[in-house]
Amino acid sequence: MKKIFTLLSAILMALTSYAQLEITDETGNVVADGATVEFNAELLDLGGGFVILDCAPAAPYITNKGDSSANLTVTVTRTETDKLTWCGINTTCSPMTNLQEVRSVSLGAGQKTALQLHADFTTGLYASYTANVTVSLGNETKKFTVKLVYADPNGTQGSKQ
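A few points on the structure. (Residues numbered from 1 in each chain as written. Predicted model: local features only at pLDDT ≥ 70, side-chain atom pairs only at ≥ 80, totals over all residues. Heavy atoms only, no water.)

## A closer look at the sheet that holds strand β8 (residues 94–95)
Definition in use: Here the rule is simple: two strands pair whenever DSSP picks up at least two bridges between them. Here a helix means four or more residues in a row that DSSP labels H or I, a strand means two or more in a row labelled E, and each is numbered from the N terminus.
Taken in spatial order, the 3 strands line up as β8-β7-β11 in an open sheet, and their pairing is antiparallel. Only two strands of the sheet have a single neighbouring strand rather than two, namely β8 and β11 (117–119).

## Observations concerning the packing of aromatic side chains
Our working rule: Between 30 and 60 degrees the pair is tilted, below 30 it is stacked and above 60 it is edge-to-face, where a pair is any two Phe, Tyr or Trp rings, Trp via its six-membered ring, whose centres lie within 6.5 Å. Placement of a charge over a ring requires the Lys NZ or Arg CZ to be within 6 Å of the ring centre, with the centre-to-atom vector within 35 degrees of the ring normal.
Summed over all chains, the structure comprises 3 aromatic pairs. Ring geometry for Phe 121 versus Tyr 150: centroids 5.7 Å apart, planes at 50°, classification tilted. Highlighted residues: Phe 121 in the loop between β11 and β12 (127–137) and Tyr 150 in strand β13 (residues 140–150), separated in sequence by 29 residues. Between Tyr 126 and Tyr 150, the aromatic rings sit 4.8 Å apart at their centres with planes inclined by 50°, giving tilted as the arrangement. Here Tyr 150 lies in strand β13 and Tyr 126 lies in the loop between β11 and β12, a separation of 24 residues in the sequence. Among the aromatic side chains, those forming a connected cluster through ring pairs are Phe 121, Tyr 126, Tyr 129 and Tyr 150. The residue whose ring lies beneath Arg 103 is Trp 86, and the NZ or CZ to ring-centre distance is 4.4 Å.

## Some remarks on a nonpolar patch on the surface
The condition is simple: Distance thresholds for patches are 9 Å for like charges and 5 Å for nonpolar side chains (Val, Leu, Ile, Met, Phe, Trp, Tyr), applied to residues having over 30% relative accessible area and no salt bridge. Only the protein chains shown count as cover for residues, and all accessible areas are computed by the Shrake-Rupley method using a 1.4 Å probe. Should a side-chain nitrogen of Lys or Arg be within 4 Å of a carboxyl oxygen of Asp or Glu, the pair is scored as a salt bridge. Burial here depends on accessible area, computed with a 1.4 Å probe over protein chains only, as a share of the maximum for the residue type. Under 20% is buried, over 50% is exposed, and the range in between is partly exposed.
On the surface, a nonpolar cluster with roughly 330 Å² of combined accessible area is contributed by Leu 46, Phe 50 and Ile 52. Considering the arrangement of structural elements, one finds Ile 52 in strand β4 (residues 50–54). Classification of Ile 52 as partly exposed rests on a relative accessible area of 39%.

## Examining the sheet that holds β12
Threshold: Angular values range over 0 to 180 degrees, each being the angle between N-to-C directions of two axes fitted as lines to C-alpha atoms, with helices fitted over their stretch in contact.
Across the sheet, which stays open at both edges, the 5 strands sit in the order β2-β13-β12-β6-β9 with mixed pairing between neighbours. Single-partner strands in this sheet number two, and they are β2 (36–40) and β9 (100–107). On average, each strand axis in the sheet is tilted by 20° relative to the strand beside it, whichever way the strands run. Strand direction decides the pairing type here: β2 and β13, joined by 5 bridges, are parallel. Counted as the bridge partner of Val 37 is Val 146 from β13.

## Let's talk about the environment of Gly 66
Here Gly 66 is to be found in the loop between β5 (61–64) and β6 (70–78). When the C-alpha positions of Gly 66 and Gln 20 are compared, they lie 4.5 Å apart, and in sequence the two are 46 residues distant.

## Here's the deal with unusual backbone geometry
The amide bond that connects Ala 59 to the next residue, Pro 60, takes the cis arrangement and shows omega of -5°. Examined against the element boundaries, Pro 60 turns out to sit in the loop between β4 and β5. Despite not being glycine, Ile 89 has its phi angle at roughly 75°, a positive value. Considering the arrangement of structural elements, one finds Ile 89 in the loop between β7 (84–86) and β8. A positive phi angle, near 50°, is found at Gln 116, a position not held by glycine. Along the chain, Gln 116 falls in the loop between β10 (112–114) and β11.

See below:
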């Protein structure tokens, strides 16, 4: 009887032990499957005549809300003209040279990682870059779009660089 109880307990634990995918924006709001997350570039005055154009968000954040580790696979697909750098998921920060790139890591229970997709804008050349992102954690998959925008202060947006 004790062996049956132990076996049933093990089966129950296996059935309730799982990974659960959650994707959030920079304010902690959950990103819905199929949603678009938009980031705007900012001109930052560093003083002394130094100004930089920054569009390097860490978000969206990918969290394993489950109680077991799982394999995380993230696929980023960009358009041909987009100039994007991908710094998240692992420690590699490099320009995307292919239209589609995939990164995988093990994500522990309760662990969070940042997507960190950055746009390589040039000051004065207004543009909008879009990337489609597919995130798979264990058996769960979600898709969303990241849009990175550098717009004219007057509200107009030029063609891509």
